[in-house]
Amino acid sequence: MSGANADSIFIRAASKSNGITSVVLGVLGLVVSALWLSLLPEWLFLAGIFITSAALVCLLIGYFKIREPDYSLEIAKDYITYRHRLGSWRIHWDNLQRADCPRVRHGLEHVPLQTIGFKIKSYTDFLNTISPRLATHLLMEQRPLLMQGEDENCASGSCYQQSMFDDKHYVMDDGTTIKGIKAMLAHRMVELRKRLGFDIFISSSELDRDADEFAALIMKCQAARNAAPELN
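Definitions and limits used
- Residues numbered from 1 in each chain as written.
- Predicted model: local features only at pLDDT ≥ 70, side-chain atom pairs only at ≥ 80, totals over all residues.
- Heavy atoms only, no water.
- Helix = DSSP H or I, 4+ residues; strand = E, 2+ residues; numbered from the N terminus.
- Buried < 20%, exposed > 50% of the residue type's maximum accessible area, 1.4 Å probe, protein only.
- Contact = heavy atoms within 4.5 Å.
- Areas by Shrake-Rupley, 256 points an atom, 1.4 Å probe, with all protein chains shown as cover.
- Arc of directions from axis to C-beta.
- Salt bridge = Lys/Arg side-chain N within 4 Å of Asp/Glu carboxyl O.
- Pairing = 2+ DSSP bridges.
- Axes fitted to C-alpha atoms, helices over the stretch in contact; angles between N-to-C directions.
- Phe/Tyr/Trp six-rings, centres within 6.5 Å; stacked < 30°, edge-to-face > 60°.
- Lys NZ or Arg CZ within 6 Å of the ring centre and 35° of its normal.
- Parallel < 35°, antiparallel > 145°, perpendicular 65-115°, else oblique.
- Left-handed = near helix turned anticlockwise from the far one by under 90°.
- Nonpolar A, V, L, I, M, F, W, Y, C, P; charged D, E, K, R; others polar.

**Student:** Is there a simple way to think about the overall build of the protein in this case?
**Tutor:** The helix and strand inventory of the protein stands at 7 helices and 12 strands. Here the protein holds 232 residues, and 41% of them are scored as buried. Taking the contacts inside the protein whose residues are at least 6 apart along the sequence as the reference set, 66% of them involve residues at least 24 apart. Accessible area for the protein stands at about 13,000 Å²; split by element, carbon and sulfur atoms hold 58% of it.

**Student:** Mind showing me how you'd approach helix α4 (residues 132–141) here?
**Tutor:** Buried within α4 we find Leu-134, Ala-135, Leu-138 and Leu-139. Buried residues of α4 fall within an arc of 145° about the axis and therefore sit on the same side. Tucked inside the fold, the buried residues of α4 contact β4 (79–84), β5 (87–92), α5 (143–148), α6 (181–196) and β12 (200–203).

**Student:** What exactly am I supposed to notice about the pattern of salt bridges here?
**Tutor:** Pairing between side chains of opposite charge can happen when their charged atoms approach one another. For the coordinates displayed, the defined rule picks out 7 salt bridges. Across the pair Arg-225 and Asp-78 runs a salt bridge whose closest N-O atoms are separated by 3.6 Å. Taken together, the residues span a long stretch of sequence, with Arg-225 in helix α7 (residues 211–226) and Asp-78 in the loop between β3 (73–75) and β4 at a distance of 147 residues. Judged by relative accessible area, Arg-225 falls into the buried class, the value being 6%.

**Student:** Sorry, what's going on with the sheet that holds strand β6 (residues 96–100) here?
**Tutor:** In spatial order, the strands read β6-β9-β12; together these 3 strands make up an open sheet with antiparallel pairing. One side of each edge strand has no neighbouring strand; the edge strands of this open sheet are β6 and β12. Taking the axes of each pair of neighbouring strands and ignoring which way they run, one obtains an average angle of 20° across the sheet. Note: β6 against strand β9 (residues 115–120), 4 bridges, orientation antiparallel. Among the inter-strand pairings, Leu-96 is bridged to a residue of β9, identified as Ile-120. Packed on one face of the sheet, α7 meets β6 and β9 and runs near 155° to β6.

**Student:** When you look at the side chain of Ser-131 in this model, what are you seeing that I'm missing?
**Tutor:** Along the chain, Ser-131 falls in the loop between α3 (123–129) and α4. Excluding residues that lie within four positions of it along the chain, Ser-131 makes contacts with Leu-86, Gly-87 and Ser-88.

**Student:** Help me understand the environment of Leu-113 in this model?
**Tutor:** Structurally, Leu-113 is set in the loop between β8 (109–112) and β9. Along the backbone, Leu-113 and Ala-211 are 98 residues apart, and their C-alpha atoms lie at a distance of 8.9 Å. Excluding residues that lie within four positions of it along the chain, Leu-113 makes contacts with Pro-102, Val-104, Leu-145, Gln-148 and Leu-196.

**Student:** So what exactly am I meant to see when it comes to the packing of aromatic side chains here?
**Tutor:** Ring pairs (aromatic) are described by centroid distance and by the angle formed between their planes. Going through the model one piece at a time under the given rule, you end up with 6 aromatic pairs. Every member of this aromatic cluster is reached through a ring pair, and the members are Tyr-82, Trp-89, Phe-118 and Phe-126. Directly above the ring of Tyr-79 sits Arg-90, whose terminal nitrogen or CZ lies 3.7 Å from the centroid.

**Student:** Just checking my understanding: could you explain the packing of α4 against α6 for this structure?
**Tutor:** The packing of two helices is summarised by the inter-axis angle and the distance between the axes. Relative orientation of the contacting elements α4 and α6 amounts to 40°, with a least axis distance of 9 Å. When the axis of α4 is compared with that of α6, the two are oblique. Crossing angle aside, the handedness with which α4 passes α6 is left-handed. Two secondary-structure elements touch here, α4 through Pro-132, Ala-135, Thr-136, Leu-138 and Leu-139 and α6 through Ile-181, Lys-182, Met-184, Leu-185 and Arg-188. In terms of residue class, the contact of α4 with α6 is made up of 7 nonpolar, 1 polar and 2 charged.

Okay, here's the thing in structure tokens:
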């Protein structure tokens, strides 16, 4: 569900929902399993272990849901901010070229991916806002996107192995040379733009609506801002 105040629109991730419910179910499951194991016959022991395992899974799921920020995205008048438990990144409207649902070719059709792609004009501002921990997470999380953009003649997947972790230095638009995790992310963004047309991606599970609807919202906000120069 999204909320709004005078300046911003907040997007709550669908994956964030039911965190408290999962924790409560997990606790109840542990109580039931404790009673089950202590009161019922030994031949029902395996069933008690199954209940315990399911309860622990519910607790873990609930814990990770609760750890996530209340809102995954903030759409403000000057920028879009993505928030994750490992950090955040920010794209200013002046730096956003477009946002849309990337599509890949399967046979004769172009199939949309369950993600939103952002194409930005300059990497400098973006890389200055992202934390190293989140950059590391994105490198791991977005690896499958390299396969989605793979050439049809490379079904084995060997073609993208060299671009998986490009650890060379990266020179930003302002002439600054960076290295390490952020440089790897920059090279990954370059590769993803070649393959899918966008630099950075957000999974649809991070949204409170369909990816197409969110893309339409971004385009609407961008058009409104461009039509109101006094906000720049």
